[in-house]
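What follows is each chain in one-letter form.
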Amino acid sequence: MSSPTPSAPTPRSERLVGSPAVRCDGRWWLVGSTGSVLATDPDFTGELDRLATALAAADQAVADLPDEQHESSASGPRGQW
């Protein structure tokens, strides 16, 4: 019997930057120093999903920007004061 071909790994959990919200296996949890609570309100978890999607898109847009410092030093004159 052959094993299935592995696909690209997907993160099992991810923290929403700057918040106590963590998505684990597709479910949102609010995590604090004393424990965690499952977020079950569909409006709230929908907003967390939209925010996570927007943050991922913003991160990708920044990653796609050209490295202006690298490009300007490569194309500009060297050795000038």
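Here the structure is shown first, and the text comes after it.
The model shown is predicted, which means the values in this text are computed figures rather than measured ones. (Residues numbered from 1 in each chain as written. Predicted model: local features only at pLDDT ≥ 70, side-chain atom pairs only at ≥ 80, totals over all residues. Heavy atoms only, no water.)

Undergrad: Can you help me understand the nonpolar core in this one?
TA: Soluble globular proteins tend to pack their nonpolar side chains together in the buried interior. By size, the foremost hydrophobic cluster in this structure holds 6 residues: Leu16, Ala21, Trp28, Ala39, Leu48 and Ala52. Sequence-distant contacts of Trp28, that is, excluding residues within four places in its chain, are made with Leu16, Ala21, Val22, Arg23, Val37, Leu38, Ala39, Thr45, Leu48, Asp49 and Ala52. (Core = buried A, V, L, I, M, F, W, Y, C linked by side-chain atoms within 4.5 Å. Buried < 20%, exposed > 50% of the residue type's maximum accessible area, 1.4 Å probe, protein only. Contact = heavy atoms within 4.5 Å.)

Undergrad: Quick question: what am I supposed to make of the pairing of strand β2 (residues 21-24) here?
TA: Put simply, side chains in a regular strand alternate between the two faces of the sheet. In this sheet, β2 lies alongside strand β1 (residues 13-15) in antiparallel orientation, the contact comprising 3 bridges. Within β2, the residue paired with Glu14 across the bridge is Arg23. Hairpin connection between β1 and β2: a loop of 5 residues separates the two successive antiparallel strands, and Gly18 in this loop has a positive phi of roughly 75°. Taken together, β2 and the strand that follows it, strand β3 (residues 27-32), pair antiparallel across an intervening segment of 2 residues, in which Asp25 is found at a positive phi of about 55°. (Pairing = 2+ DSSP bridges. Helix = DSSP H or I, 4+ residues; strand = E, 2+ residues; numbered from the N terminus.)

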